[in-house]
Protein chains: 2
Amino acid sequence: MYMADKTLIGRLNKCSVNTATLGHRSTIHAVVDNVARAGFGWIAPWRRDIEGVDLKKLKRQITDAGLRVSSLCRSTYFSAETGEEAAEAVEQNRRALEAASELEAKCFVLVVGGLPNNSRNLSSARQQVFEGISALLTHARRLNVPLALEPLHPMYAADRSCVSTLKQALSMCDAIAPHDAYLGVALDVYHIWWDPEIYEHIVQAGRAGQILGFHLSDWLKNTTDMLLDRGMMGDGVIDLPRLRKAAQQTGFDGPFEVEIFSRDNWWKKDEKIVLKECGQRLQSCC
Amino acid sequence: MYMADKTLIGRLNKCSVNTATLGHRSTIHAVVDNVARAGFGWIAPWRRDIEGVDLKKLKRQITDAGLRVSSLCRSTYFSAETGEEAAEAVEQNRRALEAASELEAKCFVLVVGGLPNNSRNLSSARQQVFEGISALLTHARRLNVPLALEPLHPMYAADRSCVSTLKQALSMCDAIAPHDAYLGVALDVYHIWWDPEIYEHIVQAGRAGQILGFHLSDWLKNTTDMLLDRGMMGDGVIDLPRLRKAAQQTGFDGPFEVEIFSRDNWWKKDEKIVLKECGQRLQSCC
């Protein structure tokens, strides 16, 4: 079957800016305006951006600016030292879901947590994650906000996510609630690009309608920091067009969300310059 | 079937010291003496340690010290920008195999290379690796030195190894030469501990007699450097006994090789202190 290559040229309305890309330096209100003026159709705030903010007012601003919310980032870690902490994480995530609901976010991104303190037991952490997501799912349905489980790069297995591959994430979703519209995955090229099985699992996820988010950045060959040295699209080695096409060929067509943590480079530049560069790179390198 | 837990207590004769653990500060001759005096039964030199060294003499020293060579580290990268470079890599690896043969190394460790310069094509790099190993295997058989393909942590996919999981390594071995005594894998806990499928693939590798090496160190939760901040066994979060037992239960029983790159910590300590600590940790934390 022939399918025209649906690049992102002229389609920034299909693209989103995750506010972390701008380094959380301005108010969310200023960021919303800048993102809209740069031509994007979507925005993805972090919970820290909306603390203490009147969400109804923010939602109105976002809508008036012509934007929609691609995702709310991100969950409190489910893995925990004690049962009480695990329950508290679900409660915090429930409250975050309420905010996501107010903003009509397309999904709530789940970063699930690594090993609890003093633990070397990945299986146990994964079981906690399974139970936490299961508990949260009821709230997700009620609040009409799908949960997007995001596998993180294996280099974060200890401290951020014991879910490390797309295959593992899909398998966990199926074990929790198969074919549930409120549970899917977020694909972040930075986390998954290295995986020798990535394309088959993108097909699997897409055919099941489980791709709820698609995050873009780039892997710099000489990465200097494991967390805060992501590259702008085109500056690294990820085959971004191939991953974008793979998702599209399953029916996914956005929003394509830029999420770049870059303490020593992009976070030091003017927000408007960063947004302009994001827009150009989405169209020329993805 | 009941199987007694074969810990490493009192069995340093089953354990090896990879010379990188000591930071390549002394001559290989001094290191051999220190490793033997610390009670180990094996040693694993790097090619840089034996450059310009009379290998027959070195082998005699190693034997006289009561040691054997668990592995020679490591291959020149197979992935390359040009066909000429790829051929040159095989040639350099053939020469390294001759050295490994002189030392009667139990295996030659293959670290296969990441993406060539200006490439974003992992599939193509993997094809080059496939072809390079295939070409080298003939020499491995002739020289009686098995090739141990080592999957590296996915965080090295760009610059060091496009083979990132044990499953992928085993699949590549099977595609090159199934059931070949001269082609197997090296398991390094640092590279594989995060993998949700690791135990099933250790079983698969062990049952096929393909585990040619087992490397130990630890993953520090607050890793500060992607290459040179490995932890001493027990200082990190890897479930070392579980991985050791998994390999043993397939029939593998050593050599267990300590390989710690630690520029700012262990490489600054006295070699004899490091060796003593390695011996103690192998017996208390693995």
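Everything in this summary refers to the structure shown in the same document. (Residues numbered from 1 in each chain as written. Chains lettered and ligands numbered in written order. Predicted model: local features only at pLDDT ≥ 70, side-chain atom pairs only at ≥ 80, totals over all residues. Heavy atoms only, no water.)

Looking now at the interface of chain B and chain A. Taken together, the contact between chain B and chain A spans 33 residues of the former and 33 residues of the latter. When chain B packs against chain A, close to 2600 Å² is buried across both sides, 59% of that on carbon and sulfur atoms. Three residues stand out in chain B for area buried against chain A, namely Arg120, Trp194 and Lys221 of chain B, and they jointly supply 25% of the buried area on that side. The interface formed by chain B and chain A holds 2 salt bridges in total. Residue Glu197 of chain A pairs with Lys167 of chain B through a salt bridge whose shortest N-O separation is 2.7 Å. Linking chain B with chain A are 12 residue pairs in polar contact (both at pLDDT 80 or more), by the criterion used here. Elements supplying a minimum of two residues to the side of chain B that touches chain A: α5 (122-143) and α6 (166-176) of chain B. Taken together, the residues that form the side of chain B that touches chain A break down as 14 nonpolar, 10 polar and 9 charged. (Contact = heavy atoms within 4.5 Å. Buried area = accessible area lost by both parts, 1.4 Å probe. Salt bridge = Lys/Arg side-chain N within 4 Å of Asp/Glu carboxyl O. Polar contact = N/O pair within 3.5 Å; in protein donor to acceptor, adjacent residues only side chain to side chain. Helix = DSSP H or I, 4+ residues; strand = E, 2+ residues; numbered from the N terminus. Nonpolar A, V, L, I, M, F, W, Y, C, P; charged D, E, K, R; others polar.)

Attention now goes to the environment of Ile202 of chain B. Residues and elements named next belong to chain B. On the secondary structure map, Ile202 appears in helix α8 (residues 198-207). In this structure Ile202 comes out as buried when scored by relative accessible area, which is 0%. Separated by 48 residues in the primary sequence, Ile202 and Thr250 have C-alpha atoms spaced 8.0 Å apart. Sequence-distant contacts of Ile202, that is, excluding residues within four places in its chain, are made with Leu166, Leu187, Ile211, Leu243, Ala246, Ala247 and Thr250. (Buried < 20%, exposed > 50% of the residue type's maximum accessible area, 1.4 Å probe, protein only.)

Let's shift gears to helix α10 (residues 271-285) of chain A. Residues and elements named next belong to chain A. Compared with the 21 Å implied by 1.5 Å per residue over 15 residues, the 20 Å span of α10 between its first and last C-alpha is a close match. Taken as a whole, α10 has its buried residues at Glu271, Val274, Leu275, Cys278, Gly279, Arg281 and Leu282. Close packing links the buried residues of α10 with β1 (15-18), α1 (28-37), β7 (211-216) and β8 (256-258). The N-cap of α10, judged by a side-chain oxygen 2.9 Å from the amide nitrogen of Lys272 a few residues on, is Asp270. (Expected span 1.5 Å × (residues − 1).)

Before going further, it helps to examine the nonpolar core. Counting residues in hydrophobic clusters, the biggest one holds 205 residues, and the most contacted among them are Ile133 and Trp193 of chain A together with Ile133 and Trp193 of chain B. Residues contacting Trp193 of chain B, with those up to four places away along its chain left out, are Leu115, Leu122, Ala157 and Ala158 of chain A together with Trp219, Val237, Ile238 and Leu243 of chain B. (Core = buried A, V, L, I, M, F, W, Y, C linked by side-chain atoms within 4.5 Å.)

Each of the two chain copies can be brought onto the other by rotation about an axis and movement along it. By a simple turn and slide, chain B fits onto chain A: the slide is 0.0 Å along the axis, the RMSD is 0.0 Å, and the turn is 180°. This pairing of chains is accounted for by a two-fold axis. The overlap is high: 100% of the interface residues of chain B also sit at the interface in chain A, so the same surface is used on both sides. (Least-squares fit on C-alpha atoms with pLDDT ≥ 70 in both.)

Attention now moves to the packing of helix α5 (residues 122-143) of chain A against helix α6 (residues 166-176) of chain A. Residue and element names in this part refer to chain A. In contact at an axis separation of 10 Å, α5 and α6 are set at 55° when each is read in the N-to-C sense. Considering their axes alone, α5 and α6 lie oblique with respect to each other. As α5 runs across α6, the sense of the crossing is right-handed. Side by side, α5 and α6 meet where Arg126, Val129, Phe130, Ile133, Ser134 and Leu137 of the first sit next to Gln168, Met172, Ala175 and Ile176 of the second. Residues that form the contact of α5 with α6 fall into these classes: 7 nonpolar, 2 polar and 1 charged. (Axes fitted to C-alpha atoms, helices over the stretch in contact; angles between N-to-C directions. Parallel < 35°, antiparallel > 145°, perpendicular 65-115°, else oblique. Left-handed = near helix turned anticlockwise from the far one by under 90°.)

Under the defined criterion, the tally for this structure stands at 15 aromatic pairs over all chains. On the basis of an interplanar angle of 85° and a centroid distance of 5.5 Å, the ring pair of Phe252 of chain B and Phe256 of chain B is categorised as edge-to-face. Like Phe256 of chain B, Phe252 of chain B is buried. Through a chain of ring-to-ring contacts, the aromatic side chains of Trp46, Phe261 and Trp267 of chain A assemble into a single cluster. In this structure, Lys269 of chain A packs its charged tip against the face of Trp266 of chain A, placed 5.1 Å from the ring centre. (Phe/Tyr/Trp six-rings, centres within 6.5 Å; stacked < 30°, edge-to-face > 60°. Lys NZ or Arg CZ within 6 Å of the ring centre and 35° of its normal.)

Our next topic: the side chain of Arg11 of chain B. Residue and element names in this part refer to chain B. The topology assignment puts Arg11 in the segment before β1 (15-18). What makes Arg11 buried here is its relative accessible area of 17%. Within polar-contact distance, the side chain of Arg11 engages the backbone oxygen of Thr7 at 3.0 Å. Separated by 2.9 Å, the side chains of Arg11 and Asp253 make a polar contact. Once you skip the residues sitting within four places of it in the chain, Arg11 turns out to touch Lys6, Gln248 and Asp253.

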